[in-house]
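Next come the chains, spelled out residue by residue.
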Amino acid sequence: MILTKSEFKTEFGFKNLSSVSNLLKAKKIIETPDGLIDLNNKKNKKWIESRKKQLQKDDDKKGQKKSTPEDEIKEGNLDLDIQHQRLKERLAKNALLDLKLAKENKEVIETEVLNRVIAIIFDSLFRQLSDLPGLYADDILNIVLAGEGAREKVIAFLTDKILTSLKSALEIAEKQSKKYYE
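Since the structure is predicted, the reported quantities are computational estimates derived from the model, not experimental observations.

Asks: I tried to follow the overall build of the chain on my own but got confused; where do I start?
Replies: What the chain contains, in helices and strands, is 7 helices and 2 strands. Secondary structure of the chain in N-to-C order comes out as β-α-α-β-α-α-α-α-α. Within the chain, buried positions represent 18% of all 182 residues. Taking the intrachain contacts of the chain between residues at least 6 apart in sequence as the baseline, contacts between residues at least 24 apart amount to 50%.

Asks: Got a minute to help me understand unusual backbone geometry in this structure?
Replies: Most peptide bonds take the trans form, and the phi angle of most residues other than glycine is negative. For Lys-27, which is not glycine, the phi torsion reads 60 degrees and is therefore positive. When you line up the elements, Lys-27 lands in the loop between α2 (17-25) and β2 (37-38).

Asks: Is there a simple way to think about the packing of aromatic side chains in this case?
Replies: Describing an aromatic ring pair means giving the distance of the ring centres and the angle of the ring planes. Applying the stated criterion across every chain, the model contains 5 aromatic pairs. A centroid spacing of 4.7 Å and a plane angle of 45 degrees characterise the contact between Phe-8 and Phe-12, whose relative ring orientation is tilted. Assessed through its relative accessible area of 0%, Phe-8 is described here as buried. Centre to centre, the rings of Phe-12 and Trp-47 are 5.9 Å apart; their planes meet at 75 degrees, and the pair counts as edge-to-face. With Phe-12 in the loop between α1 (5-11) and α2 and Trp-47 in helix α3 (residues 42-64), the pair connects residues that are 35 residues apart, well separated along the chain. Residue class for Phe-12 comes out buried when judged on its relative accessible area of 3%. What links up through ring pairs into an aromatic cluster is the set Phe-8, Phe-12, Phe-14 and Trp-47. Stacked on the ring of Phe-14, the Lys or Arg Arg-51 has its end atom at 4.3 Å from the ring centre.

Asks: What should I look at first to understand the nonpolar core in this one?
Replies: The nonpolar side chains of a soluble globular protein tend to be buried, and buried together. Core analysis: the largest hydrophobic core is formed by 12 residues, namely Leu-3, Phe-8, Phe-12, Phe-14, Val-20, Leu-23, Leu-24, Ile-29, Ile-37, Leu-39, Trp-47 and Ile-48. Only α2 and α3 provide two or more residues apiece to this core. With 3 residues, the top contributor of residues to this core is α2. The contacts of Ile-48, once residues within four sequence positions are left out, are Phe-12 and Leu-39. By size, the runner-up hydrophobic cluster in this structure holds 6 residues, among which are Val-113, Val-117, Leu-125 and Ala-173.

Asks: Is there a simple way to explain the environment of Ser-21 in this structure?
Replies: Structurally, Ser-21 can be placed in helix α2. A C-alpha to C-alpha distance of 9.8 Å links Ser-21 and Lys-9, two positions 12 residues apart in sequence.

Asks: Before we go on, may I ask you to explain helix α6 (residues 111-146) in this structure?
Replies: Note that an α-helix has 3.6 residues per turn; residues three or four places apart therefore point the same way. The terminal C-alpha atoms of α6, which comprises 36 residues, lie 50 Å apart, in line with the 52 Å expected from a rise of 1.5 Å per residue. Along α6, the sharpest kink reaches roughly 55 degrees, centred on Tyr-136. Considered for burial, the residues of α6 that qualify are Val-113, Val-117, Ile-121, Ser-124, Leu-125, Leu-132 and Ile-143. Count one or two residues on from α6 and you reach Gly-147, which has phi positive near 110 degrees.

Asks: I'm lost on the pattern of salt bridges in this one. Help?
Replies: One side chain can pair with another of opposite charge once the charged atoms of both are near each other. Throughout the structure, instances matching the rule amount to 3 salt bridges. We note a salt bridge from Glu-31 to Lys-5, for which the minimum N-O separation is 3.5 Å. Linking Glu-31 in the loop between α2 and β2 with Lys-5 in helix α1, this pair joins segments that are 26 residues apart in sequence. Judged by relative accessible area, which is 33%, Glu-31 ranks as partly exposed. In this structure, the salt-bridge partner of Arg-116 is Glu-112, at a minimum N-O distance of 2.2 Å. Of the two residues, Arg-116 and Glu-112 both sit in helix α6, 4 residues apart, roughly one turn of that helix.

Here is what the cut-offs are and how they apply
- Residues numbered from 1 in each chain as written.
- Predicted model: local features only at pLDDT ≥ 70, side-chain atom pairs only at ≥ 80, totals over all residues.
- Heavy atoms only, no water.
- Helix = DSSP H or I, 4+ residues; strand = E, 2+ residues; numbered from the N terminus.
- Buried < 20%, exposed > 50% of the residue type's maximum accessible area, 1.4 Å probe, protein only.
- Contact = heavy atoms within 4.5 Å.
- Phe/Tyr/Trp six-rings, centres within 6.5 Å; stacked < 30°, edge-to-face > 60°.
- Lys NZ or Arg CZ within 6 Å of the ring centre and 35° of its normal.
- Core = buried A, V, L, I, M, F, W, Y, C linked by side-chain atoms within 4.5 Å.
- Expected span 1.5 Å × (residues − 1).
- Bend = angle between axes of the 7 residues up to and from the residue.
- Salt bridge = Lys/Arg side-chain N within 4 Å of Asp/Glu carboxyl O.

Encoded structure:
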């Protein structure tokens, strides 16, 4: 079998081509006139057997050695799925830190607080709008009995009262929400 230098490098566990070039310079292996490496060459076979034994010893040592995840990353032996999982964990931690900073800078509101504020707004608004007909029935009746343009006057009157109720509900909710952040 004949290999290129690059294929030889990969086949026998070298990290770069300079290691293969050094073997050639030291005449530990021989290349063909066209720059390829013949694995069937007698001298190359002898070196290959020696290299395979060395690689086997290295593999045996790696099996016995307990390596840390950091060592595995440095050696490039860590499975891509594990690297991906660690990356996801780091991104999640960063996202939580960003959220914590945003909360400290009062750029975000907690969901629980927001839900309470919304409930306060709707409760207040519902009460005020429910009371509206009873509170203003006499005023509406007087507008209607006054005669001309009664429809427009009633619409304007109700619109004003509803908007006032909405503003009031929002003010109450704003006061309530400030309690949580002061």
